[in-house]
Amino acid sequence: MCGIVGLHLRNPQLYPRLGELLSGMLCEMGDRGSDSAGVAIYGDPVLSPPGHGCVSVLQADPDVADLGPGVHVRRRGDTHLVTADMSPQALLETVTRAYPQALIAGFGSDMAVLKGVGHPRRLVREWDLAGATGWQGVGHTRMATESAVTPGGCHPYAVGPEQCLVHNGSFANHATIRRELRAAGVHFDSENDTEVGARFVAKQLAEGRDIETALKELCARFDGFYTLLVSNRDSFAVVRDAIACKPAVLAETDDWVAMASEYRALAGLPGVDRAKLWEPEPEVVYAWQK
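First, a word on scope: everything that follows refers to the structure included in this document. Quick caveat: nothing in here was measured; it's all calculated off a predicted structure.

Another aspect to go through is the sheet that holds strand E12 (residues 249-252). As summarised here, the arrangement of the seven strands in space is E7-E2-E8-E1-E13-E12-E14, forming an open sheet in which the pairing is antiparallel. Sheet topology places strand E7 (111-117) and strand E14 (276-278) at the edges, where each strand pairs with a single neighbour. Between one strand axis and the next, the sheet turns by 10° as a mean value, whatever way the strands run. Direction of pairing for E12 relative to E14: antiparallel, over a ladder of three bridges. Looking across to E14, one finds that Ala251 is bridged to Leu277. Where helix H1 (residues 18-28) meets the sheet, its contacts fall on strand E1 (3-9), strand E2 (36-42), strand E8 (136-142) and strand E13 (256-260), and the angle it forms with E1 comes to roughly 160°.

In structure tokens form, the structure reads like this:
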């Protein structure tokens, strides 16, 4: 059992409140997953400055002396955010060349990924999440079943540029699909079944498919029980398996779109009393664009 939350803001007047609102949502899901948590924040000018590449790093202690001029490093809990006025791909190569043992938790423009072990309430304080701003946030509280409780095992899995995936459930055939992806040259950082889903979606997107097509293909290939929330800097999408046994609630107003494993995570959002509320149908992809 894990908890998923996501918030896509349509009203720019709410951007300063993104972290505050996401913090409340994530903490409300703490009893669905209290061993670790993670978030992806889109659009915070401190965590990921506009026009800069940003790489979220675990399992290393990056030093600007090793990374070159113009590179900045900020630490939030277990995660180091490396930013510079260069393309995300160039910055990623700079970081991995200097720290080949590092685990990359996410990379891109306008996106910062933070992960940690511990109760979500403690992690939210450690990250100063309530102070974050931006237009979109995704979060996950984890009760580990498939792999070790480490910062690297936390969701979101952010394996493509500005992409992330969070998952409640389990993929029964992840080992088979992992072998197929490895045979196609895809690298893996963990044995977590969620990473297989994230790598599968990233490969689909890299080959030119849109998010709806990629998620429909995932539904066709993956066995198991799951609810997924997939995002990039411009989109926000939700899908459930054919049985739809993992809980999910969607809510939409003129000001925002939100998703959570349970309604109580949405109850503190402004105007939720006027929101359209519904439970996602099995294998229907719900997607929104910025």
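From this point on, the discussion continues.
The four strands lie next to each other as E4-E5-E3-E6, forming an open sheet whose pairing is antiparallel. The strands lining the two open edges of the sheet, one partner per strand, are strand E4 (71-76) and strand E6 (103-109). In this sheet, adjacent strand axes meet at a mean angle of 20° when their direction is disregarded. Of the strand pairs in this sheet, E4 and strand E5 (residues 79-84) are connected by six bridges, and their pairing is antiparallel. Each bridged residue has a counterpart across the sheet, and for His72 the counterpart in E5 is Thr83.

Turning our eyes to something else, we now look at helix H4 (residues 120-127). What H4 keeps buried is the set Pro120, Leu123, Val124 and Trp127. One side of H4 carries all its buried residues, which in axial view fall inside an arc of 105°. Of the surrounding elements, those touching the buried residues of H4 are H1, E2, E4, E7 and E8. Looking one or two residues beyond H4, the residue adopting positive phi is Asp128, at roughly 55°.

Time to look at the packing of helix H6 (residues 193-206) against helix H7 (residues 211-221). Axis separation between H6 and H7 bottoms out at 9 Å; the angle between their running directions is 135°. Relative to H7, H6 is oriented oblique. Handedness of the crossing formed by H6 with H7: right-handed. Between H6 and H7, the residues in contact are Gly197, Phe200, Val201, Gln204 and Leu205 and Ile211, Ala214, Leu215, Glu217, Leu218 and Arg221, respectively. Broken down by class, the residue content of the contact of H6 with H7 amounts to seven nonpolar, two polar and two charged.

What counts and what doesn't
- The numbering scheme is per chain: residues are counted from 1 as the chain's sequence reads.
- Thresholds applied to this predicted model are a pLDDT of at least 70 for local features of residues and 80 or more for the giving and counting of side-chain atom pairs; totals over whole chains, interfaces and linings are not thresholded and use all residues.
- Note: side-chain values were computed over all heavy atoms of the structure, leaving out hydrogens and water.
- Two strands pair under a simple rule: DSSP has to find at least two bridges between them.
- Numbered from the N terminus, helices here are DSSP runs of H or I no shorter than four residues, and strands are runs of E no shorter than two.
- Between N-to-C directions, angles span 0 to 180 degrees; the directions come from axes that are lines fitted to C-alpha atoms, helices contributing only their stretch in contact.
- By definition, residues are in contact when any of their heavy atoms lie within 4.5 Å.
- A 1.4 Å probe rolled over the protein chains alone gives each residue an accessible area, and that area as a share of the maximum for its type sets the label: buried under 20%, exposed over 50%, partly exposed in between.
- Think of the arc as the fan of directions from the helix axis to the C-beta atoms.
- Throughout, the term roughly parallel applies to angles under 35 degrees, roughly antiparallel to angles over 145, roughly perpendicular to angles from 65 to 115, and oblique to all others.
- Crossing handedness: left-handed means the near helix sits turned counterclockwise from the far one by under a right angle, and right-handed means the same turn made clockwise.
- For this classification, Asp, Glu, Lys and Arg are treated as charged, while Ala, Val, Leu, Ile, Met, Phe, Trp, Tyr, Cys and Pro are nonpolar and the rest, including Gly, are polar.

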